[in-house]
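# Understanding the architecture of this molecule
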Amino acid sequence: MAAQLMDGNVVAKRIKDEVARDMEALKVKGIIPSLAAVQVGDNPESKMYVGMQKKNCEAIGLVYNLHTLPADTSETALVRYIEKLNSDRSVNGIILQMPLPQGINPRSAQKALSPAKDVEGMNPSNLGMLLYGNPKIGPCTALSVMELLRSTGENLKGREAVVVGHSEIVGKPVAILLLQWLTDSPTVTVCHIATKDLESHIRRADIIISAVGKPGLIKPEWVKEGAIIVLVGIKRLPDGTALGDVDFEPASAKASWITPVKGGVGPVTTAILLRNTVEVTKMQLGI
Ligand code: NAD
């Protein structure tokens, strides 16, 4: 059986169309949402994301401003800069580009963000709302995983979901979001670097969400017939090839649904960043 694709480009287009409708309604009121991206130093990876964010924001008419701070910026100076953006009424959303240079604790920066402008949902207050279920502003990649799962139309109730990776930005929020349906949630297991027998967990998984970034970590022969697989973890090779944590071709021969390595989670994550920016703008205006 060849798996059906959870097509990230299709899901992203649906979200962007909704965002465009919201943007039109705001424009009528004379409001154009704006996103401030804060980058410290010039990490090549975050440079790539910045370029993509700018292109996507401008394509739907969002104002995107990049604030680049020198690589030797101290934690205190970054916090002060964020506080300045918090009180700037022309800024609706703020995104912090990761990684931050060593010496700056990302948590200090995330805590400094106004929860009302935190478009990645990483401020402790927004992360707390995640525990309450159905957050309006949540971590973009985790919400993207949920949108992709929802696009299958499959009922996940009581099924075995295995999340591989337990970072604050992906694995942990995905696990919490999978539990948001109270009586309709799957049973969730979170595997991580210290998990002793990954194979045994994967073998019983109806839903696999892999967010590690180590190609070959999950062997295709462990995948259960009919499993749903979301490939979050991606490693890009110098020649531009992208590899997921499980080899796509053999895994898709066994799975019922799978995300492509390119055109899966990535485009939906970007679309959710746009949605979050419009949502925070609406919330700030009480709309
Ligand atoms: P991270 O480095 O913070 O976390 C990696 C996780 O993998 C950790 O929780 C760790 O416990 C787990 N891990 C490491 N080795 C393992 C092993 N042998 N067995 C089981 N678990 C293991 O990374 P992150 O920021 O959470 O990102 C994870 C991956 O997702 C990366 O490949 C990243 O590129 C990708 N990502 C994609 C998007 C997107 O929008 N497409 C967004 C964010 C992250």
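Residues numbered from 1 in each chain as written. Predicted model: local features only at pLDDT ≥ 70, side-chain atom pairs only at ≥ 80, totals over all residues. Heavy atoms only, no water.

### Here's the deal with the overall build of the protein
The helix and strand tally for the protein stands at 10 helices and 11 strands. In terms of overall size, the protein behaves like a compact globule, its C-alpha atoms giving a radius of gyration of 19 Å where 287 residues would be expected to give roughly 19 Å. Its C-alpha atoms put the protein at 55 × 40 × 40 Å along the principal axes. Evaluated residue by residue, the protein yields a buried proportion of 50% over its 287 residues. For the protein, contacts bridging at least 24 residues in sequence account for 72% of all contacts bridging at least 6. Counting only carbon and sulfur atoms, one obtains 55% of the accessible surface of the protein, whose full area is about 13,600 Å². Across the protein, the 32 positively charged side chains and the 29 negatively charged ones have centroids separated by 3 Å. (Helix = DSSP H or I, 4+ residues; strand = E, 2+ residues; numbered from the N terminus. Rg over C-alpha atoms; globule rule 2.2 N^0.38 Å. Buried < 20%, exposed > 50% of the residue type's maximum accessible area, 1.4 Å probe, protein only. Contact = heavy atoms within 4.5 Å. Areas by Shrake-Rupley, 256 points an atom, 1.4 Å probe, with all protein chains shown as cover. Lys, Arg positive; Asp, Glu negative; His and termini not counted. Charge placed at Lys NZ, Arg CZ, Asp CG, Glu CD.)

### Observations concerning the pairing of strand β6 (residues 187-191)
Bridge count between strand β5 (residues 160-164) and β6: five bridges; the pairing is parallel. Of the residues in β6, the one forming a bridge with Val163 is Val190. Each parallel crossover has a hand, and for β5 linked through helix α7 (residues 171-178) to β6 it is right-handed. (Pairing = 2+ DSSP bridges. Right-handed = clockwise from strand over helix to strand, strands pointing away.)

### Here we look at the nonpolar core
One finds Leu149, Val174, Leu178, Ile209, Val230 and Val232 to be the most contacted residues of the largest nonpolar core, which totals 49 residues. Looking at which element gives the most residues to this core, the answer is helix α10 (residues 265-285), with eight residues. A domain-level breakdown of this core finds at least three residues from each of domain 1 (30-114) and domain 2 (140-266). When sequence neighbours within four positions are dropped, the list of residues in contact with Val174 reads Ala142, Val145, Val163 and Ile209. If you look at the next biggest cluster of nonpolar residues, it comprises 20 residues, including Val164, Trp222, Ala242 and Val261. (Core = buried A, V, L, I, M, F, W, Y, C linked by side-chain atoms within 4.5 Å. Domains from an automatic or database assignment.)

### Quick notes on the site of the ligand
The full set close to the ligand counts 20 residues, and His166, Ser167, Ile193, Lys214 and Thr269 are the nearest of them. Ile193 places a main-chain nitrogen or oxygen 3.0 Å from an oxygen atom of the ligand. The separation between a nitrogen atom of the ligand and a polar side-chain atom of Lys214 is 2.9 Å. For the ligand, the accessible surface in isolation is 850 Å², of which the surrounding protein chains cover 71%. (Near = heavy atom within 4 Å. Polar contact = N/O pair within 3.5 Å; in protein donor to acceptor, adjacent residues only side chain to side chain.)

### What to know about the pattern of salt bridges
Enumeration over the complete set of coordinates arrives at 15 salt bridges. Measuring nitrogen to oxygen at the nearest pair gives 2.7 Å for the salt bridge that ties Asp17 to Lys13. With Asp17 and Lys13 both in helix α1 (residues 8-28), this residue pair falls four residues apart, about one helical turn. Given a relative accessible area of 33%, Asp17 falls into the partly exposed group. Among the salt bridges present, the one from Arg159 reaches Glu154, with a minimum N-O distance of 3.3 Å. With relative accessibility at 33%, the residue Glu154 sits in the partly exposed group. Within the structure, one salt-bridge network assembled from shared partners comprises Arg14, Glu18, Glu147, Arg150 and Arg275. (Salt bridge = Lys/Arg side-chain N within 4 Å of Asp/Glu carboxyl O.)

### Observations regarding helix α6 (residues 140-151)
Look at α6: 16 Å from first C-alpha to last across 12 residues, which is about the 16 Å you get at 1.5 Å a residue. Counted residue by residue, α6 has 10 buried out of 12 residues, so it is predominantly covered. Of all the positions in α6, only Cys140, Thr141, Ala142, Leu143, Ser144, Val145, Met146, Glu147, Leu148 and Leu149 are classed as buried. Buried residues along α6 sit in contact with α1, α7, β7 (207-210), β8 (228-231) and α10. (Expected span 1.5 Å × (residues − 1).)

### Here's the deal with the environment of Ile137
Mapped onto the elements, Ile137 comes out in the loop between α5 (124-132) and α6. Along the backbone, Ile137 and Gly263 are 126 residues apart, and their C-alpha atoms lie at a distance of 23 Å. Residues in contact with Ile137, not counting those within four places in the same chain, are Asp118, Val119, Gly121, Asn126, Asn276, Glu279, Val280 and Met283.

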